[in-house]
Amino acid sequence: MSLRVLVGCKRVIDFAVKVRVRPDKKGVVTDGVKHSMNPFDEIAVEEAVRLKEKSIAGEIIAVSCGPQQCQETLRTALAMGADRAIHVDIPVKDYEALEPFHVSKILARLAKDEKADIVIVGKQAIDGDCNQTGQMTAAWLDWPQATFASKLEKGDDGTFTIAREVDGGSETIKVKLPAVVTVDLRLNEPRYATLPNIMKAKKKPLAKKTVAELGVDISPRVEILSVEEPPTRKAGEKVETVEDLVKKLKDLGVV
Amino acid sequence: MSRLIFNINISRILCSIRGQVNSLSSCRSLSSLTLLPDTHRMLRQTIRDFTDQELKPIAAKLDKQETYPKEQIKKLGELGMMAVEVPEALGGSGLNCLAYAIGMEEISRGCASTGVIVSVNNSLYTSPLMAFGTDAQLEKWVKPFSNGDRVGCFALSEPGNGSDAGAASTTAKDMGDHWLLNGSKMWITNGYEAEAAIVFATTEKSLKHKGISAFLVPKPTAGLTLGKKEDKLGIRASSTCQLIFEDCKIPKENILGSPGQGFKVAMKTLDGGRIGIAAQALGIGQAALDCALEYSGKRDAFGAPIAKLQAIQMKLADMELRLESARLLTWQAAMLKDAGQPYTKSAAMAKLAASEAATFISHQAIQVLGGMGYVTDMPAERHYRDARITEIYEGTSEIMRLVIAINLLKEHQIM
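> Teacher, can you tell me more about the overall build of chain A here?
Counting its regular elements, chain A contains 8 helices and 11 strands. Overall, chain A is about 70 × 45 × 40 Å in size when its C-alpha atoms are taken along their principal axes. Residue pairs at least 24 apart in sequence account for 72% of intrachain contacts in chain A once pairs closer than 6 positions are excluded. Accessible surface computed for chain A: about 14200 Å², of which carbon and sulfur atoms make up 51%. Side chains of chain A carry 40 positive and 39 negative charges; the gap between the two charge centres is 4 Å.

Written out as structure tokens, the structure is:
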């Protein structure tokens, strides 16, 4: 069984950066701000590489949709062990309105074109927090989906047994291929790319595609009216006794 | 006929000079002096992430308890940092000196002790082996030392001589089927943990510095004892001790290079080592500067963060200037080495600039932090202690000035 794995990697603002709203209030400041691969997507790439190391997967294709800088994210995926990369080039002005709805169509098209057996993506991106792309991709493809995966095991019959993080705890399901998997935090700990692999990544193939050649319409379906900072946290108030506290809460109408 | 040959010879000489100048200028004009190539940028980010996660959080503890970071060295080995310039066939990363310098700076920014351990294994142990070792020696002494499982050390200095390396009094007597080593070496970094040492000893005293040879000594071995671990001001997580040789028998084939070549081996090795130490000093300087910057943004005095005060701004500007200047010198030395160009003077300049920058910056960082800089709650005092050694080991600042002057005068054909 030598599976072909398609892994989605999104380039997002680094988790450690203090995000600020743009002066025009239509988005956040991205110019000159440090970006990196979505942490959940790193977990996805790591899982794909582990499948390859176990000889379950034969080829890993990393995909990223966005402007030119996405290629840096793809190079990181290649340095971690992906075999080749596809950059779906989206002009900057169109990128702002790009949604899971569009990305999922792109991933579905690529999964078909590349004859992928599994599509693995992070459960959500840390900028949009949508948690939709994986699910929509499965819907477009009419494939089974295993979301919030915290454990992935291949069975002898070619199916995958996947443990999912759900509100009540953990749910274990069996999934036939081809399938879409979205990964959660506890699935694995992504590796650091080794120095030799960083150098080798330069030579791995990186293909560029346009949405036109993929036949995907990315016209915006949503209009952003405004983006604002959350209200600044007001100072708290100290009270002397529990009775005072209860009285204050009652006055505020919260109890 | 003879004129034709004469003309051809002249043009050949001109071509080779032009060739040198062209590659030198392409080296320098590379905007990679300010903008690294993407592979090196990725490398820098990867080592930085590793350092932030694995080294920075434990650096204070490692320093306080003087613990050798064994696990972290193993992980750095797996990343490829323990033998950066060693070819992949021997277990190394097959990268260049610029990659090594960048990695070294990032590691040292988190933990200077870990930095020196990495530097010694790369520049002072695997490098001379790569330059002067036989294939059998490479297989035996480099391959097992490339992945972080084992480290090596370099034993040149003695209780009686540091800068005066030509006066080595450790002797190696040719006993026919083996060498017999007697004497002692001092200030040996990685002395405790190393499983191999490159030891310089006099084989022919009458030849003075031309009578010194280099030897590969396994550790432990009969006849070799270790002195106590030195109680140092800084880089306390790396071990430093004496190596004492008493009738220590070394197999004949353990000579590195040819008899009498030892001084040359040492000097060539130290040139590369200086780039590593320059990078270590840059890391320490950067860490100290970062500490001062962060503090100045948060500490209020006279109604505003101290970063608004000109007195502080003057200091920060001087710190940044010296650091960035030293960094460019370090990268230039690394790129000259990578281009196969002479780099002795450059490496000395880099080490001198970076070490003096590190001591200046860490001194000023304590000043910016005031009382907080003097206590162990903040890392400033550790950077101050760690920085100091960079002006001393692998060539004192005084020796660096001599190296620069002598090479400069030679370039201008004055001496």
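> What exactly am I supposed to notice about helix 4 (residues 100–113) of chain A here?
Since there are 3.6 residues in each turn of an α-helix, residues three or four apart along the chain are aligned in direction. Helix length check: helix 4 of chain A, at 14 residues, gives a terminal C-alpha distance of 19 Å against a target of 20 Å (1.5 Å per residue), a fit within 8%. Immediately downstream of helix 4 of chain A, the backbone of K115(A) shows phi near 55 degrees, a positive value.

> Would you mind going over the interface of chain A and chain B with me for this structure?
Often the size quoted for an interface is simply the accessible area lost on bringing the parts together. Taken together, the contact pairs 14 residues of chain A with 19 residues of chain B. When chain A packs against chain B, the two sides together hide about 1400 Å² of surface, and 72% of this comes from carbon and sulfur. If you sort the residues of chain A by the area they bury against chain B, Y192(A), L195(A) and M199(A) come out on top, with a joint share of 49%. Viewed at the interface, chain B and chain A are joined by 1 salt bridge. In this structure, E88(B) engages K200(A) in a salt bridge whose closest nitrogen and oxygen atoms are separated by 3.3 Å. Taken together, the connections running from chain A to chain B amount to 2 residue pairs in polar contact (both at pLDDT 80 or more). Those elements that place two or more of their residues in the side of chain A that touches chain B are helix 2 (70–80) and helix 6 (195–201) of chain A. The element best represented in the side of chain A that touches chain B is helix 6 of chain A, accounting for 5 residues. Of the residues belonging to the side of chain A that touches chain B, the class tally is 7 nonpolar, 2 polar and 5 charged.

> Sorry, what's going on with the side chain of D386(B) here?
All names here are of chain B. With respect to the element layout, D386 can be found in helix 11 (residues 380–388). D386 gets classed as buried once you look at its relative accessible area, which sits at 4%. If we ignore the near neighbours within four places in the chain, the residues touching D386 are A112, G234, I235 and I284.

> Is there a simple way to explain the nonpolar core in this structure?
Proteins that are soluble and globular tend to have nonpolar side chains buried together. One finds L43(B), L76(B), L129(B), L181(B) and F200(B) to be the most contacted residues of the largest nonpolar core, which totals 155 residues. Among the elements that take part in this core, helix 8 (residues 262–298) of chain B stands out by supplying 15 residues, more than any other. Setting aside residues no more than four positions away along its own chain, L181(B) makes contact with T171(B), A172(B), V199(B), F215(B), V217(B), F245(B), E246(B), D247(B), C248(B) and I250(B). Listed in part, the 25 residues of the second largest apolar core include I106(A), V121(A), V211(A) and I218(A).

> Whenever I open this one, the sheet that holds strand 1 (residues 3–8) of chain A confuses me. Can you help?
Adjacent strands of a sheet pair through backbone hydrogen bonds, lying either parallel or antiparallel. All names here are of chain A. What the 9 strands build is an open sheet, ordered 9-8-7-10-6-1-4-5-11; its pairing is mixed. Only two strands of the sheet have a single neighbouring strand rather than two, namely strand 9 (169–175) and strand 11 (206–210). Each strand of the sheet is rotated relative to its neighbour by a mean of 35 degrees, with strand direction disregarded. As defined by bridge partners, strand 7 (residues 145–154) adjoins strand 8 (residues 160–166) across 5 bridges and the pair is classed as antiparallel. When the sheet's bridge partners are listed, E153 is paired in strand 8 with T161.

> When you look at the pattern of salt bridges in this model, what are you seeing that I'm missing?
As a working rule, side chains carrying opposite charge can pair if their charged atoms are close by. Within this structure, the stated rule accounts for 46 salt bridges over all chains. The salt bridge involving K10(A) is made with D127(A); its shortest N-O contact spans 2.9 Å. Of this pair, K10(A) sits in the loop between strand 1 and strand 2 (11–13) while D127(A) sits in the loop between strand 6 (118–122) and helix 5 (133–141); the two residues are 117 residues apart in sequence, bridging distant segments of the chain. A relative accessible area of 30% means that K10(A) is categorised as partly exposed. Among the salt bridges present, the one from R382(B) reaches D386(B), with a minimum N-O distance of 3.9 Å. Of this pair, R382(B) and D386(B) are both found in helix 11, 4 residues apart, which corresponds to roughly one turn of the helix. Here the two residues R382(B) and D386(B) agree in accessibility, since each one is buried. Among the ionic contacts, a cluster of salt bridges with common partners joins R44(B), R48(B), E106(B), R109(B) and D290(B).

> What should I look at first to understand the packing of helix 5 (residues 97–110) of chain B against helix 8 of chain B in this one?
In a pair of packed helices, the angle between the axes and the distance between the axes together describe the arrangement. Residues and elements named next belong to chain B. Contact geometry for helix 5 and helix 8: axes closest at 7 Å, N-to-C directions at 40 degrees. By the angle between their axes, helix 5 is oblique relative to helix 8. Classified by chirality, the crossing of helix 8 by helix 5 is right-handed. Across the interface between the two elements, C97, Y100, A101, M104, E105, S108 and R109 of helix 5 pack against I275, G276, A279, Q280, L282, G283, I284, Q286, A287 and D290 of helix 8.

> Sorry if this is basic, but what is going on with the pairing of strand 5 (residues 84–89) of chain A here?
The side chains of a regular strand alternate between the sheet's two faces. All names here are of chain A. Of the pairings in the sheet, the one linking strand 4 (residues 57–66) to strand 5 comprises 6 bridges and is parallel in character. Residue pairing for strand 5: S64 is matched across the bridge by H87. Following the chain from strand 4 across helix 2 to the adjacent parallel strand 5, one finds a crossover that is right-handed.

> Explanation requested: unusual backbone geometry in the structure shown.
The bulk of non-glycine residues show a negative phi, and the bulk of peptide bonds are trans. The peptide bond linking L177(A) to P178(A) adopts the cis configuration, its omega dihedral lying at -5 degrees. Structurally, P178(A) can be placed in the loop between strand 9 and strand 10 (179–183). Cis geometry is found at the peptide bond from K219(B) to P220(B), where omega equals 0 degrees. Tracing the backbone shows P220(B) in the loop between strand 5 (212–218) and strand 6 (224–226). Located in the positive-phi region is K25(A), a residue other than glycine, with phi close to 60 degrees. The class for K25(A) is partly exposed, based on a relative accessible area of 42%. Within the chain, K115(A) stands out as a residue other than glycine whose phi angle is a positive 55 degrees. Relative to the helices and strands, K115(A) resides in the loop between helix 4 and strand 6.

> What is the right way to read the packing of aromatic side chains from this model?
In this description, a pair of aromatic rings is defined by centroid distance and the angle of the planes. All names here are of chain B. Counting across every chain of the model gives 5 aromatic pairs over all chains. Centroid distance Y125 to F145: 4.9 Å. Interplanar angle 45 degrees. Geometry classified as tilted. Residue Y125 is located in helix 6 (residues 112–132), and its partner F145 is located in the loop between helix 7 (135–141) and strand 1 (152–155); the two are separated by 20 residues in the primary sequence. F145 matches Y125 in its accessibility class, with the two residues each being buried. Taking 5.0 Å as the distance between ring centres and 65 degrees as the angle between the ring planes, the aromatic pair formed by W179 and F215 counts as edge-to-face. Highlighted residues: W179 in strand 3 (residues 178–189) and F215 in strand 5, separated in sequence by 36 residues.

Reading the values: rules and limits
- Residues numbered from 1 in each chain as written.
- Chains lettered and ligands numbered in written order.
- Predicted model: local features only at pLDDT ≥ 70, side-chain atom pairs only at ≥ 80, totals over all residues.
- Heavy atoms only, no water.
- Helix = DSSP H or I, 4+ residues; strand = E, 2+ residues; numbered from the N terminus.
- Contact = heavy atoms within 4.5 Å.
- Areas by Shrake-Rupley, 256 points an atom, 1.4 Å probe, with all protein chains shown as cover.
- Lys, Arg positive; Asp, Glu negative; His and termini not counted.
- Charge placed at Lys NZ, Arg CZ, Asp CG, Glu CD.
- Expected span 1.5 Å × (residues − 1).
- Buried area = accessible area lost by both parts, 1.4 Å probe.
- Salt bridge = Lys/Arg side-chain N within 4 Å of Asp/Glu carboxyl O.
- Polar contact = N/O pair within 3.5 Å; in protein donor to acceptor, adjacent residues only side chain to side chain.
- Nonpolar A, V, L, I, M, F, W, Y, C, P; charged D, E, K, R; others polar.
- Buried < 20%, exposed > 50% of the residue type's maximum accessible area, 1.4 Å probe, protein only.
- Core = buried A, V, L, I, M, F, W, Y, C linked by side-chain atoms within 4.5 Å.
- Pairing = 2+ DSSP bridges.
- Axes fitted to C-alpha atoms, helices over the stretch in contact; angles between N-to-C directions.
- Parallel < 35°, antiparallel > 145°, perpendicular 65-115°, else oblique.
- Left-handed = near helix turned anticlockwise from the far one by under 90°.
- Right-handed = clockwise from strand over helix to strand, strands pointing away.
- Phe/Tyr/Trp six-rings, centres within 6.5 Å; stacked < 30°, edge-to-face > 60°.

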